[in-house]
Amino acid sequence: MPKISVNILTKDRAESLRQALASVEAQSYRDFEIVVVNDGSSDETQNVIQTFKHLNILTLSHKSSLGITQSRQEALLASSGEYLAILDDDDEWVD
């Protein structure tokens, strides 16, 4: 079980998601999983997620948008870490 579950919700913000995932990847702390909820994206979001498949990523994908509340609940329920970190798709962490 990872120590931290990083929950990221996204919809049609592939470039922002790429930067958010890169900022997680750049951290020196490695005991984490990433739970990404792709809430009905029609852009390159899935390709961005595949670029980071070497990280411990669980992807939950919606065919159409279910909204932030449903997406957040799904991410939370899918998380297995002892602690939870919320990282919006347009945020970045600094190492």
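Structure shown above.
Computed from a prediction, not measured in an experiment: that's the story for all the values here. (Residues numbered from 1 in each chain as written. Predicted model: local features only at pLDDT ≥ 70, side-chain atom pairs only at ≥ 80, totals over all residues. Heavy atoms only, no water.)

Let's shift gears to the overall build of the chain. Counting its secondary structure elements, the chain contains three helices and four strands. Beginning at the N terminus, the succession of helices and strands in the chain can be written as β-α-β-α-β-α-β. Here the chain has a C-alpha radius of gyration of 12 Å; the compact-globule value for 95 residues is 12 Å, and the two agree. Taken along the three principal axes of its C-alpha coordinates, the chain extends 35 × 25 × 20 Å. When each of the 95 residues of the chain is scored for burial, the buried share is 39%. In the chain, of all internal contacts separated by at least 6 residues, the share reaching a separation of at least 24 is 77%. (Helix = DSSP H or I, 4+ residues; strand = E, 2+ residues; numbered from the N terminus. Rg over C-alpha atoms; globule rule 2.2 N^0.38 Å. Buried < 20%, exposed > 50% of the residue type's maximum accessible area, 1.4 Å probe, protein only. Contact = heavy atoms within 4.5 Å.)

A separate point is the layout of surface pockets. In this structure, the largest pocket occupies an estimated 200 Å³ of space. If you go around the largest pocket, you meet 13 residues; those closest to its centre are Leu9, Thr10, Lys11, Ile68 and Asp89. Every element with two or more residues in the lining of the largest pocket is listed here: strand 1 (4–10), strand 2 (32–39) and helix 3 (68–78). Of the residues that constitute the lining of the largest pocket, the class distribution is three nonpolar, three polar and seven charged. (1 Å grid on protein atoms, 1.4 Å probe; cavity = no way out; pocket = protein on both sides within 12 Å on 5 of 7 lines; lining within 4 Å. Points joined across faces, edges and corners; volume = space filled by probe spheres on them. Nonpolar A, V, L, I, M, F, W, Y, C, P; charged D, E, K, R; others polar.)

Okay, the side chain of aspartate 39 next. Topologically, aspartate 39 is positioned in strand 2. Of the polar contacts made by the side chain of aspartate 39, one reaches the side chain of histidine 62; its length is 2.6 Å. A distance of 2.8 Å separates polar atoms of two side chains, one belonging to aspartate 39 and the other to serine 65. (Polar contact = N/O pair within 3.5 Å; in protein donor to acceptor, adjacent residues only side chain to side chain.)

Located in the positive-phi region is aspartate 12, a residue other than glycine, with phi close to 55 degrees. Of note, aspartate 12 is situated in the loop between strand 1 and helix 1 (14–25).

Here we come to the pattern of salt bridges. Tallied over the full model, the rule gives five salt bridges. When the shortest N-O distance is used, the salt bridge between lysine 3 and glutamate 82 registers 3.1 Å. Taken together, the positions of lysine 3 in the segment before strand 1 and glutamate 82 in the loop between helix 3 and strand 4 (83–86) put the pair 79 residues apart, joining distant regions of the chain. Taken together, the shared-partner salt bridges in this structure form one network comprising Arg13, Asp89 and Asp90. (Salt bridge = Lys/Arg side-chain N within 4 Å of Asp/Glu carboxyl O.)

For the rest of this paragraph, the subject is the environment of aspartate 91. If you trace the backbone, aspartate 91 turns up in the segment after strand 4. Here aspartate 91 is in contact with Ala20 and Ser23, once residues within four sequence places are set aside.

Glancing now at a nonpolar patch on the surface. A cluster of nonpolar side chains, contributed by Leu76, Leu84 and Ile86, occupies part of the molecular surface with about 250 Å² of accessible area. Here isoleucine 86 shows up in strand 4. With a relative accessible area of 41%, isoleucine 86 lands in the partly exposed category. (Patch = residues over 30% accessible without salt bridge, like charges linked within 9 Å, V, L, I, M, F, W, Y side chains within 5 Å. Areas by Shrake-Rupley, 256 points an atom, 1.4 Å probe, with all protein chains shown as cover.)

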